[in-house]
Structures are given as structure tokens and as C-alpha cells.
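Single-letter residue listing:
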Amino acid sequence: MKILVTGSNGMLGHDLIDVLKDNHELILTTSKTLDITDKDKVIEFIRENNPDIVINSAAYTDVDGCEENQDIAYAVNGYGVENLALGCREVDCPLVHVSTDYVFDGTARDPIREDGKIGPISVYGKSKLKGEEAIQKILDKFFIVRTAWLYGINGGNFPKTMLELAKNHSEITVVYDEVGTPTYTPDLAYAISQLIDTDYYGIYHITNSGHCSWCEFARYIFEVAGSDVNVIPVTASEFARPAPRPHYSVLENKRWIDNGFEPLRHYKDAAKEYIELIK
Ligand SMILES: NC(=O)c1ccc[n+]([C@@H]2O[C@H](COP(=O)([O-])OP(=O)(O)OC[C@H]3O[C@@H](n4cnc5c(N)ncnc54)[C@H](OP(=O)(O)O)[C@@H]3O)[C@@H](O)[C@H]2O)c1
């Protein structure tokens, strides 16, 4: 297939290229070559290139930055996605869009299904929801893939930050009252490569298996890395950040499993592989 991948310079974007490049013709764009907030250019670009499918991994992903730069957040995560959907409608091609567990409010107590009650509590989550809504209004053929707590080789992320801090700290405070599922970007990219071979359109939750708090994840990272760091649990309110995060955002990968796909491996197995690569 001829696949347009936006955000190809990003953490997930790099891994999408890796899993797709051998079997597909890729058109890769970055914020410099295709700013998704430029509606006319986006529609013209899609019309000219006439892809079989578009995968959008571009986003304004700085969760705290979104609180301060609301205009950018909505422009990229809301209108930018709408522009891509309009372009896809012109050439009748499906859109794969990557969304987030932060569209949920964090009050759930059990893993959240795709039709769970939406209620973003941060500007980032609200702006990502705008993108989801635009797609559903404009397109029939779409995959909205909500995922969570991403980490991979080509981007800043929690495991990297922890290992960096461990170099000159013997104690690190980490939030224990936010629970989710760390997800390794190569695993997610591979899942997306499987999804696009189907026409099982709709909303998906795709994460690695299992769940933990940030604090548990930090302890696991140090255990695998062999670092002797004391992790001190704190609440999110003690560890004040500009954007509120959901306290619980574990995503049940229900439609993924119901449609016959294999569950992604446990987050501990994926994280072990990653930490051993970067430590
Ligand atoms: N990171 C997480 O923990 C997490 C969790 C859940 C969901 N997600 C979602 O997963 C997706 C991938 O995340 P990621 O962590 O791989 O993101 P990332 O590393 O921040 O990459 C995002 C890319 O978007 C591009 N971009 C930003 N503004 C743009 C614009 N106006 N036009 C075109 N491109 C633009 C950037 O391009 P340049 O580099 O070219 O400037 C950047 O490379 C995003 O949709 C994100 O919302 C992420």
C-alpha cells in the first residue's frame, strides 16, 4: 500500500517507519514538510499523493505545555486532525489516528472499554478528543487508536528520565496514585501495521498488557537496570504539575481482542527489552 505517515520524526513515527518500510511505499512528512494545521496544504498534499491510507502520529504531545499553549494544542490535536480527515475524505482513503488514555477522567476503577465514558480533564486530553470527534464526523473509514504511557528509542520518555535521574540521585520521588499501562512504541507500531491490513474500522484501545502506577514502573525500571535507587511514593497533588492527569486510565483492549488479534505482550517484558537496550 501507499501509506502517508505524518509525524514521522516522532517517537512512534520512527517505529512506524521500521515496521512498514519493507512491505509498503511510504510517504513521510514532518512538521516542516507538512504542517497539519495548514488546511489547504494538507488537503492538496493528500490529493496530489493519493495514498491508500494515512497514519497520523503527529501531535502536540507536551501535556503540561498544552495548558499554557492552548491555541497550539487545539490547532494541532483538534483542527490538524480535522484537516487530515477532510483530505482523506477527498480521496476516499482511511485514516489511522493515534489518540490517548487522557480522554478519560480517571475515575474508572476497572479497565476502560472503547465506549467508556469520555471526560478529559486536561487541555491535552480535550484537544485530542476534538481530533477524535472531527474524524468521526467526517469519515466512515477510520481507526482511532487510543494508547497510553508511550516510550521508545526515539523520544524523551519516563524510563529514560528515570535512568538519567538515577545517575546522580540516590532517592527519587514518583507518583503512586496514577495507574495506567506503559506501552512500547515498536509494539504499538506493529499492532497498527496489523490493523491497517483489515477493514475493521472504529475505535481501538491498544496498549501492552498489565498495568501499574508510575511508582511501580520506576521500581521495575531500576530493578531491571540494576540501579540501587530508593523510590519514594508521592501523590500527584504533592508532585504538582501544570496539567492534571487521570488517576486511573487502564485501557481494556477489548475490540482488538474481539477482532481476533493477539494481546500485546506484558508491559514488563517490553520494558525489560527496552531498558536493556538503553541502560
Ligand atoms: N507519548 C505518550 O506517552 C503518548 C501517550 C498516548 C498517546 N500518545 C499519542 O501518540 C502519538 C505519537 O506520540 P509520540 O510520543 O510519538 O509523539 P512525539 O514524539 O511528540 O511526535 C509527534 C510529532 O508530531 C509532529 N508535529 C507536531 N506538530 C505538528 C504539526 N503542526 N504538523 C505536523 N507535525 C507536527 C512533530 O514533528 P517534528 O518533529 O517534525 O516537529 C513530532 O515529531 C500522538 O498522537 C500522541 O498524542 C502519546
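Everything that follows concerns the structure shown earlier in this document.
Residues numbered from 1 in each chain as written. Predicted model: local features only at pLDDT ≥ 70, side-chain atom pairs only at ≥ 80, totals over all residues.

**Student:** So what exactly am I meant to see when it comes to the overall build of the chain here?
**Tutor:** The secondary structure content of the chain amounts to 10 helices and 12 strands. The C-alpha atoms of the chain give a radius of gyration of 18 Å, which matches the 19 Å a tight globule of 279 residues would have. Seen along its three principal axes, the alpha-carbon backbone of the chain occupies a region of about 55 × 35 × 35 Å. By the burial criterion, 46% of the 279 residues in the chain qualify as buried. Within the chain, counting contacts between residues at least 6 apart in sequence, those at least 24 apart form 82% of the total. (Helix = DSSP H or I, 4+ residues; strand = E, 2+ residues; numbered from the N terminus. Rg over C-alpha atoms; globule rule 2.2 N^0.38 Å. Buried ≥ 20, exposed ≤ 12 C-beta atoms within 10 Å, placed from the backbone. Contact = placed C-beta atoms within 7 Å.)

**Student:** Even after reading the chapter, I still don't get the packing of helix H1 (residues 11-20) against helix H7 (residues 185-195), so can you show me in this structure?
**Tutor:** How two helices sit against one another is set out by the angle between their axes and by the gap between those axes. As a packed pair, H1 and H7 sit with axes 8 Å apart at the nearest point and diverge in direction by 50 degrees. As far as their axial angle goes, H7 and H1 are oblique. Taken as a pair, H1 and H7 cross one another with a handedness that is right-handed. Side by side, H1 and H7 meet where Met 11, Leu 12, Asp 15, Leu 16, Asp 18, Val 19 and Leu 20 of the first sit next to Thr 185, Pro 186, Leu 188, Ala 189, Tyr 190, Ile 192 and Ser 193 of the second. Of the residues in the contact of H1 with H7, the class split is 10 nonpolar, 2 polar and 2 charged. (Axes fitted to C-alpha atoms, helices over the stretch in contact; angles between N-to-C directions. Parallel < 35°, antiparallel > 145°, perpendicular 65-115°, else oblique. Left-handed = near helix turned anticlockwise from the far one by under 90°. Nonpolar A, V, L, I, M, F, W, Y, C, P; charged D, E, K, R; others polar.)

**Student:** It is not clear to me how the sheet that holds strand S2 (residues 25-28) should be interpreted in this structure. Could you clarify?
**Tutor:** Hydrogen bonds along the backbone pair up the strands of a sheet, which may run parallel or antiparallel. Taken in spatial order, the 6 strands line up as S2-S1-S3-S4-S5-S10 in an open sheet, and their pairing is parallel. Edge positions in the sheet fall to S2 and strand S10 (202-205), since each has one partner strand and no second. Sheet twist, expressed as the mean angle between neighbouring strand axes with direction ignored, is 20 degrees. Where strand S1 (residues 2-6) and S2 come together, 4 bridges link them in parallel fashion. By the bridge assignment, Lys 2 is partnered in S2 with Glu 25. (Pairing = 2+ DSSP bridges.)

**Student:** I'm lost on helix H4 (residues 70-91) in this one. Help?
**Tutor:** An α-helical turn contains 3.6 residues, so any two residues separated by three or four positions project in the same direction. Under the 1.5 Å per step criterion, the end-to-end length of H4 is 31 Å for 22 residues, consistent within 8% with the ideal 32 Å. The largest bend along H4 reaches roughly 30 degrees and is located at Tyr 79. Along H4, the residues classified as buried are Ala 73, Val 76, Asn 77, Gly 78, Gly 80, Val 81, Glu 82, Asn 83, Leu 84, Ala 85, Gly 87 and Cys 88. On its buried face, H4 sits against S1, helix H2 (39-49), strand S3 (53-56), helix H3 (63-68), strand S4 (95-100) and helix H5 (123-138). In the segment just after H4, Asp 92 is the residue with positive phi, at about 55 degrees. (Expected span 1.5 Å × (residues − 1). Bend = angle between axes of the 7 residues up to and from the residue.)

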